[in-house]
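A look at the structure
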Amino acid sequence: MSSLGSLQIAARALRVNKLRSALTVLGIVVGVAAVVCMVSVGAGAQAEVSEKIRTLGANLLIVMPGAQNSGGARLESGTQVTLTEDDAAAIRGEVVDVQVAAPLLSRSMPLVAGNKNWMALVAGINTDYLVAREWQMASGRLFTSAEMDSAAKVAIVGAVIVEALFEGRARIGETFRIGNVPFTVIGVLDKKGLGAAGRSQDDIVFIPLSTAKSRVLGAVRGTSREALDFISIKVSDADDFRIENPADVLTARGATARILSILLIAVASVSLIVGGISIMNIMLVSVTERTREIGLRMAVGAKRRDIRWQFLIEALMLALLGGLVGALLGATAAVAIAWEAGWPILISPWAIILACGFAGFVGISFGLYPAHRAAQLDPIVALRFE
Amino acid sequence: MPLVQTVGISKHYPSGKTIIRAVSNVSLSIERGEFIAIRGRSGSGKSTLMNLLGLLERPDCGEYALDGREVVKLNEDIRASIRSQDIGFIFQIPALLPRATALENVELPLVYTGTRHRERRRRAERALDRVGLADRSHHWPNQLSGGEQQRVVIARAMVNDPALILADEPTGALDSRTSDEILSLFEDLHRDGRTIVVVTHAAEVADRAQRRITLHDGRIIEDDTASKTRAPDSVP
């Protein structure tokens, strides 16, 4: 008997009982939808985490100055001159695998432009810092070495500053004040989005480190002008050490997504098994209902394997149908979740193939017994069945 | 060589402590082209005999050669393929698949002999035409009258050009006018040279056959082979 013929027979049998077929495959639908949704959401979340890590700057580590205890009171870190530009140069010069060692000195400062003012982090850096953070310019230029050396009053501003001070129009050459010191905008940075702590990374103004030390921050901080907040170090990829860095926070968030995945896998397995059982149940009912048909088919020459095949195909078709609907539903749900969470939408075709394959496997395993029952019927008994 | 040759076939069923001898030591020879009625009261074993001849059941003992081939000891798959190729069954209605059209019902035996789709369609249409239902081929069984359904069954029984057509109470559920039509159809098929065995308890069916075998308690008690005309004592 041709396989195409079997398919037609099975399709017709399922069409006759549309509602019953639909209810039967519900378990499979839920199971497959859960699998597809889970894998897609997991992949989206993972991609989101990787993206966050990328914006932090990969292979980045931060050297902080030590804090000093003075008379039992722990002083703010950086209150003593423990970290200087010389340290940064030394790190860069003496440690192998260090690509960049970028010193940074920062403080929240009031910004004024025209009739607007804004509090933002003002950070003195050299251009290495932007390299370490893998931070690109949206427009304008970096500090020149002349500006670095002469403590020029120039600034590169983040995207939030552009919104807050300049109403979205980032004009190069615009002037504003940091505290009382007038600065000229020479560049605007790409948008980075939220950082690990959930604060916007774009709410920042960069000025040359020399300027920060001599004209802006050094004066207000009241400590030595040489003191740094931290040094960001970018190292090359190397196998003989591992860096614990802010990205770990995000990796931990990935772990949450994994726990969610495990839960969904549990849901999926249970509903696939329940789905399999309901397929088996309906197939057994179907075999009983169609006993006379089976007898007739045998009488006109159907071999036992033809009958077995017919019912097996029917079970398989049911399961695959459920798998397909489930995959569609799961993909839709995944898109909705990704949309809501602002994740990238990643529907894995492998998840769909895998889930449908598993649904098919369930259909065959649970269809085997009913098909066997049908094939073992005695044609005489089956023909007399009313 | 006769088409059907049985030697002492028996079929017994256990029933509680006793054994029902449904068919007991029946030796029967049927030539090609015969139109035979097997008659007897219910419980006389005529249906069991038909099932044995149709390879739906295996005899407990005895020999059965169909078209010269010993078939008792063949395995189930080979017996199934003999059923689809050499035997046409006409069961009491409802003997059609309810979810298949008339044409598809007629095609059914060809499906299991692996006949290609186009050829299946052609032969099924020819068989339906032979029973006068060419215009009903795409009707569903529940759209057909009882007589029409039985004609579809007959078309299905002869679609493979089987050596032997077996009919079990073919007019059992039909009114007298319709059953007369069906019996005329059997006579037509007989004239075409087909071998037909009809199992019936109705005298008017048996009277149309060319040879009448009467069963009682699983044994042949009468085999009226001699005349081709009606026996005078059967005229009412």
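A brief look at the structure comes next. (Residues numbered from 1 in each chain as written. Chains lettered and ligands numbered in written order. Predicted model: local features only at pLDDT ≥ 70, side-chain atom pairs only at ≥ 80, totals over all residues.)

1. Thoughts on the overall build of chain A
In terms of regular secondary structure, chain A is built from 13 helices and 11 strands. Among the 386 residues that make up chain A, the fraction classed as buried is 41%. (Helix = DSSP H or I, 4+ residues; strand = E, 2+ residues; numbered from the N terminus. Buried ≥ 20, exposed ≤ 12 C-beta atoms within 10 Å, placed from the backbone.)

2. With respect to the nonpolar core
Judged by nonpolar contacts, the single largest core of 124 residues is most densely connected at Val32, Val36 and Ala315 of chain A together with Ala155, Leu166 and Val197 of chain B. For this core, the element with the most residues is helix α3 (residues 26–56) of chain A, which contributes 15 residues. In this structure, alanine 315 of chain A is in contact with Ile279, Met283, Gly363, Ile364, Phe366, Gly367, Pro370 and Ala371 of chain A, ignoring residues within four places of it in sequence. (Core = buried A, V, L, I, M, F, W, Y, C linked by C-beta atoms within 7 Å. Contact = placed C-beta atoms within 7 Å.)

3. Considering the sheet that holds strand β1 (residues 4–15) of chain B
Residue and element names in this part refer to chain B. With antiparallel pairing, 4 strands are arranged side by side in an open sheet as β2-β1-β4-β5. Of all the strands in the sheet, the pair left with one neighbour each is β2 (18–30) and β5 (69–70). Direction of pairing for β1 relative to strand β4 (residues 61–66): antiparallel, over a ladder of 5 bridges. The residue of β4 that forms the bridge with valine 7 is glutamate 63. Helix-sheet contacts for helix α1 (residues 46–53) involve β1 and β2, and the interaxial angle to β2 is about 55°. (Pairing = 2+ DSSP bridges. Axes fitted to C-alpha atoms, helices over the stretch in contact; angles between N-to-C directions.)

4. Re unusual backbone geometry
All names here are of chain B. If you check the backbone angles, asparagine 25 has positive phi at about 50° while not being a glycine. Position of asparagine 25 among the secondary structure elements: in strand β2. Residues other than glycine seldom take positive phi values, yet aspartate 217 does so here, at roughly 50°. Turning to its location among the elements, aspartate 217 is positioned in the loop between β9 (211–216) and β10 (219–224). A count of 15 C-beta atoms within 10 Å places aspartate 217 in the partly exposed class.

5. Let's talk about the pairing of strand β5 (residues 116–125) of chain A
Residue and element names in this part refer to chain A. Bridge count between strand β4 (residues 98–113) and β5: 10 bridges; the pairing is antiparallel. Residue pairing for β5: alanine 113 is matched across the bridge by lysine 116. If you look at the hairpin formed by β4 and β5, you'll find 2 residues sitting between the two strands, and glycine 114 has a positive phi there, around 60°. Judged from the 5 bridges that link them, β5 and strand β10 (residues 204–208) form a sheet pairing that is parallel. Looking at β10, one finds that valine 122 is bridged to valine 205.

6. Description of the interface of chain B and chain A
If you look at the interface, chain B gives 20 residues, while chain A gives 18 residues. Looking at the side of chain B that touches chain A, the elements with two or more residues in it are α2 (76–86) and α3 (102–112) of chain B. Looking at side-chain class alone, the side of chain B that touches chain A contains 10 nonpolar, 5 polar and 5 charged residues. (Nonpolar A, V, L, I, M, F, W, Y, C, P; charged D, E, K, R; others polar.)

7. A closer look at the sheet that holds strand β6 (residues 87–90) of chain B
All names here are of chain B. Across the sheet, 6 strands lie side by side as β6-β7-β8-β3-β9-β10; this open sheet has mixed pairing. Looking at the sheet topology across the chains shown, the edges are occupied by β6 and β10. Taken pair by pair, the neighbouring strands of this sheet meet at an average axis angle of 20°, ignoring direction. Sheet contacts for α1: β3 (35–39), β7 (164–168), β8 (195–200) and β9; angle to β8, the most-contacted strand, approximately 150°.

8. So, the packing of helix α5 (residues 146–158) of chain B against helix α6 (residues 176–191) of chain B
Residues and elements named next belong to chain B. Closest axis-to-axis distance for the α5/α6 pair is 9 Å, and the angle between their directions is 20°. Taken together, the axis directions place α5 and α6 in an arrangement best described as roughly parallel. As α5 runs across α6, the sense of the crossing is right-handed. Of the residues in α6, those touching α5 at Gly146, Gly147, Gln150, Arg151, Ile154 and Met158 are Thr178, Glu181, Ile182, Leu185 and Leu189. Here the contact of α5 with α6 is built from residues that sort into 5 nonpolar, 4 polar and 2 charged. (Parallel < 35°, antiparallel > 145°, perpendicular 65-115°, else oblique. Left-handed = near helix turned anticlockwise from the far one by under 90°.)

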